[in-house]
Amino acid sequence: MQTECLLFFLIIPFFSEPCCVGNQQNTRKGLQQNKTHQRYKAVEGEIFVMPCVERINQLTEVVCSRTAEGNKEDKSQSLQCGREFLAEEKHSGEYTCLEGKLFFYLQVVKKNSLRCFDPEESSVLLLVPSGSKIACPGLNCSDNTDVTWYKGNKAMSKQWSQSCEKDGVLHLCSVREQHTGVYFCDRLVTEGGVKWTFRRAVNATAVPHYTPPYLPRITYPDTSTTQEVELGQAHTLTCEVYFPSEIKFSPKVQWFMHHSGNVENMTALNMEKPQIDKWNFQENKVTGRSIITEVTQQYLNNTFTCFARNSVGNSSVTIKLKKKVKVIWPSLVGYPIASLLFVGGLGVILHVKWLELQLIYRSRFQHNEVWVLFSHVQTEEKDFDVFLSFVWSDPSATTEGQGGGGCYSSLDFLNSEEGKVLHRPPEVLLPQVLEGRWGYRLCLLERDILPGGAYTNDVVHAIQGSRMLICLLSAEYLSNSDAVFVLESGVQALLQNSSPKLLLIWTNNATASLQQPDPPLPVLVQRALKVLPSLHWTTMDKTPRATSDFWKSLRKALPDLKERSRSGLMITNHH
């Protein structure tokens, strides 16, 4: 039985469209005429497209200008090759294309000048997927059935294999959605011994069916559902419907309100303009909305129905509204839980970052001068103002310091104001400025720590006997275990509240050395480097302004010499 049905459907197209047998095609090259001088007639109000000859068919945006008086081109009146437009009487005239290589003459005739004109011939419906045919308009009024069909600017004989032309009619063996569009039929006419190509247009539309096969489908809301609303607030009733495609598509979506649940007593609600979306070739999605500006208690007693109608019939969905209950207990439970989570998260952060927080507080706030002045705890007199820790980055620079840390009080280098361009390494320049220029009592390991003693104890005592510890960080410094020990001792003393202030001065190569320090830095030092106060040593001979800012920031960070005198005076009076 299945085999018989298959043979039946295979035989049917042969009888309905005889020219499709054997997939025969009209291979004519089109109307034979002079390719350089073309004359076309068009009907006013119909779509027309200026044809392009094969040699310029592949070009884009070929514009033909109308020839004005004196054979001059009028570029204000031009037509583009291959572009569709609505023919009007003003388009009549001669056009020149490709700089005079192609001449095109167009004559737009009025509809009432034709012997027979039927507007219904200008449009046709193509049923998918069965075969259809398109007749050339006005063909019944002419004895000439020699017609060439085009879609766009390309002949149909070169586009679809399952189509053919017979007696002026275009036969489509199988219709697809892509067949929708404007088709042009050309036939030769002779007037006054002049041959013209009369081009007519047919607007074809591929449709899945002539009449809708089923009722509209309402997908939202679901039937017999209840929507929550707030009294005194606005509420939008939304209805989403899928309509089957039809020739004259005019969907109807309407919300009704039934008073006290009475189906017969209903009122049509004001609707917004429906939103229509092309869902697919078979269906269109339509969304209808009605806005209730203020929900009152009366609305809770009514029911609401969405009606959707097409030519087949109606579909409907009924819903009710109910008051939205504000739940209080989630707040009573949620707030404590949120607070507990917040406190717990804060505790975790404090536990992880406690060391950094201690260092930030002790290095930036504990040594505030105002706090020290008004504190009841009197500080003891220190042996040094600044403990300067560094490692020589340039061995030749040690000769400038007279024995690697001897006398640094020479002032011959300061012949100008601070911040001027200087050409000395920071290991030499910093001691000279701090001690020789500004008068700070400086502690240097190479000069002030006596050899032969216990190194670790001497370093710790020197740090505790200084008001401030400055570490000049460089790649050599971070790879020197003795220098890292000085920095680590200063950080530990700071955490024990018996340390001077701490200041880091970074050089250009210090940051790069942090990527893979050798040997690895202690964890305490790694975390301290992130939060301790710091300055950046810039190249002195390139950025004078940055140099000046560096010295100003350094001077501001140093201990106050007046405070040193005041502290010594208080201790003297105490004794």
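These figures come from a predicted structure and were not determined experimentally. Along each chain, residues carry numbers from 1 onward, in the same order as the chain's sequence is written. Per-residue local features of the predicted model are confined to residues with pLDDT of at least 70, and side-chain atom pairs are confined, for both listing and counting, to 80 or more; whole-chain, interface and lining totals are unaffected and use all residues. Here the side-chain values reflect all heavy atoms present in the structure, with hydrogen atoms and water set aside.

Next up on the list: a nonpolar patch on the surface. Patches here are clusters of residues that have more than 30% relative accessible area and form no salt bridge, with a 9 Å joining cutoff for like charges and a 5 Å cutoff for nonpolar side chains (Val, Leu, Ile, Met, Phe, Trp, Tyr). Per-residue and other accessible areas follow the Shrake-Rupley method at a 1.4 Å probe size, with only the shown protein chains counted as cover for residues. Whenever a carboxyl oxygen of Asp or Glu lies within 4 Å of a side-chain nitrogen of Lys or Arg, that contact is scored as a salt bridge. Where nonpolar side chains cluster on the molecular surface, the patch consists of F342, V343, L346, L350, W354 and L357 and spans about 600 Å² of accessible area. Only runs of H or I of at least four residues qualify as helices and only runs of E of at least two qualify as strands under DSSP, and these elements are numbered from the N terminus. Mapped onto the elements, V343 comes out in helix α4 (residues 329-364).

Stacked, tilted and edge-to-face are the three classes applied to pairs of Phe, Tyr and Trp rings, where Trp contributes its six-membered ring and a pair requires centres within 6.5 Å; stacked means planes under 30 degrees apart, edge-to-face means over 60, and tilted covers the rest. Scanning the entire structure with this criterion turns up twelve aromatic pairs. A centroid spacing of 6.3 Å and a plane angle of 15° characterise the contact between Y299 and F304, whose relative ring orientation is stacked. Given the relative accessible area of 23%, Y299 is considered partly exposed. Three exposure classes are used, based on accessible area relative to the maximum for each residue type with a 1.4 Å probe and protein chains only: buried under 20%, partly exposed in between, and exposed over 50%. For F304, a relative accessible area of 0% puts it in the buried group. Where W537 meets W551, the ring centres are 6.0 Å apart and the plane angle is 85°; that geometry is what we call edge-to-face. Highlighted residues: W537 in the loop between β29 (534-536) and α13 (544-557) and W551 in helix α13, separated in sequence by 14 residues. One exposure class covers both W537 and W551, and it is buried. Every member of this aromatic cluster is reached through a ring pair, and the members are Y40, F48, F85 and F104. Over the ring of Y105 we find R39; its NZ or CZ atom is 5.4 Å from the centre of that ring. The criterion is that NZ of a Lys, or CZ of an Arg, lies within 6 Å of the ring centre and within 35 degrees of the ring normal, and then a charge sits over that ring.

Below, the discussion takes up the nonpolar core. Counting 31 residues, the largest nonpolar core has L473, Y477 and L487 as the members making the most contacts within it. Among the secondary structure elements, those contributing two or more residues to this core are α4, α8 (455-464), β27 (468-473), α9 (475-478), α10 (481-495), β28 (501-506) and α12 (523-531). Counting residues per element, this core draws most heavily on α10, at six residues. Note on definitions: a residue-residue contact is assigned when non-hydrogen atoms from the two residues lie within 4.5 Å. In contact with L487, other than residues within four places in its own chain, are C471, L473, Y477, L504, V525 and L529. In this text, buried Ala, Val, Leu, Ile, Met, Phe, Trp, Tyr and Cys residues form a nonpolar core when linked through side-chain atoms within 4.5 Å. Counting 25 residues, the second-largest nonpolar core is a separate cluster that includes F390, L434, L535 and L558.

Where α10 meets α12, the axes come as close as 10 Å, and the angle between the chain directions of the two elements is 75°. One finds that α10 runs roughly perpendicular with respect to α12. In contact with V484, L487, E488, V491, Q492 and L495 of α10, α12 contributes L524, V525, A528 and L529. We call Asp, Glu, Lys and Arg charged. Ala, Val, Leu, Ile, Met, Phe, Trp, Tyr, Cys and Pro are nonpolar, and the rest, Gly among them, are polar. Broken down by class, the residue content of the contact of α10 with α12 amounts to eight nonpolar, one polar and one charged. Inter-axis angles, ranging from 0 to 180 degrees, are taken between N-to-C directions of lines fitted to C-alpha atoms, where helices are fitted over the stretch in contact. In what follows, roughly perpendicular refers to angles from 65 to 115 degrees, roughly parallel to angles under 35, roughly antiparallel to angles over 145, and oblique to any angle outside these ranges.

In protein chemistry, a disulfide is the covalent bond that joins the sulfur atoms of two cysteines. Any pair of cysteine sulfurs within 2.5 Å is marked as a disulfide. Scanning the model with the defined rule gives four disulfides in all. Each sulfur in the disulfide pair C116 and C141 lies 1.4 Å from the other. With the S-S bond torsion at 135°, the cross-link from C116 to C141 turns out right-handed. With C116 in the loop between β7 (102-109) and β8 (123-127) and C141 in the loop between β9 (132-135) and β10 (148-151), this pair connects stretches of sequence that are 25 residues apart.

A separate point is the environment of V124. Along the chain, the position of V124 falls in strand β8. With 81 residues separating them in the primary sequence, V124 and T205 have C-alpha atoms 6.5 Å apart. In contact with V124, other than residues within four places in its own chain, are K133, I134, V202, N203, A204 and T205.

Take the sheet that holds β29 next. Strand pairing in a sheet relies on backbone hydrogen bonds. The paired strands run either parallel or antiparallel. Overall, parallel pairing links the five strands, which are arranged β26-β25-β27-β28-β29 in an open sheet. With partners counted over all chains shown, the strands left at the sheet margins are β26 (442-443) and β29, one partner each. Strands were regarded as paired on the criterion that DSSP finds at least two bridges between them. The pairing of β28 with β29 spans three bridges and is parallel. Counted as the bridge partner of W506 is H536 from β29.

Here we take up the side chain of R66. Assignment of secondary structure puts R66 in strand β3 (residues 63-67). Taking the relative accessible area as the measure of exposure, R66 reaches 17% and is therefore buried. Residues adjacent in sequence count toward polar contacts only when both atoms are side-chain atoms; beyond that, a polar contact is any pair of N or O atoms within 3.5 Å, and within protein one must be able to donate a hydrogen and the other to accept it. Polar side-chain contacts of R66 include one of 2.6 Å to the backbone oxygen of K90. A distance of 2.9 Å separates a polar side-chain atom of R66 from the backbone oxygen of S92.

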